[in-house]
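An overview of the molecular structure
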Amino acid sequence: CAILSTHDLPRIRYNVSDDILWWNMSWMSYWEKDLWLLPIHQPSPVGHWVFCAVYTLTKELHLFDSLTDRQPWKNEVKVS
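For the structure given in this document, a descriptive report is provided here. Keep in mind the model is a prediction, meaning the values are calculated, not measured. (Residues numbered from 1 in each chain as written. Predicted model: local features only at pLDDT ≥ 70, side-chain atom pairs only at ≥ 80, totals over all residues. Heavy atoms only, no water.)

**Quick look at the layout of surface pockets**
Roughly 170 Å³ of internal volume is contained in the second largest pocket. Forming the walls of the second largest pocket are Leu-4, Ser-5, Thr-6, Asp-8, Leu-9, Ile-12, Met-25, Tyr-30, Trp-36, Leu-38 and Val-54. Taken together, the elements giving at least two residues each to the lining of the second largest pocket come down to helix H1 (9–13) and strand E2 (35–42). Taken together, the residues of the lining of the second largest pocket break down into 8 nonpolar, 2 polar and 1 charged. (1 Å grid on protein atoms, 1.4 Å probe; cavity = no way out; pocket = protein on both sides within 12 Å on 5 of 7 lines; lining within 4 Å. Points joined across faces, edges and corners; volume = space filled by probe spheres on them. Helix = DSSP H or I, 4+ residues; strand = E, 2+ residues; numbered from the N terminus. Nonpolar A, V, L, I, M, F, W, Y, C, P; charged D, E, K, R; others polar.)

**Some thoughts on the nonpolar core**
Counting residues in each nonpolar core, the largest one holds 5 residues, listed as Ala-2, Leu-4, Leu-21, Met-25 and Met-28. Residue contacts for Met-25: discarding those within four places in its chain leaves Asp-8 and Tyr-30. (Core = buried A, V, L, I, M, F, W, Y, C linked by side-chain atoms within 4.5 Å. Buried < 20%, exposed > 50% of the residue type's maximum accessible area, 1.4 Å probe, protein only. Contact = heavy atoms within 4.5 Å.)

Encoded structure:
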């Protein structure tokens, strides 16, 4: 599995070069992994961390938020 960090997301948002992103992320080889573990910071209303297990082969997201029920996630996840 790959443990992903949200550390690089602001870099992506502010258009950092692909070379810098690759230098920071390539060592993980996450694209070769079947399972990605992704911590996500939820800034509102109280600011806490949630967890997402991403199963790449089945294209499933398993979300865990200890402070809420299932309903709010429907607004957070885009299903295609």
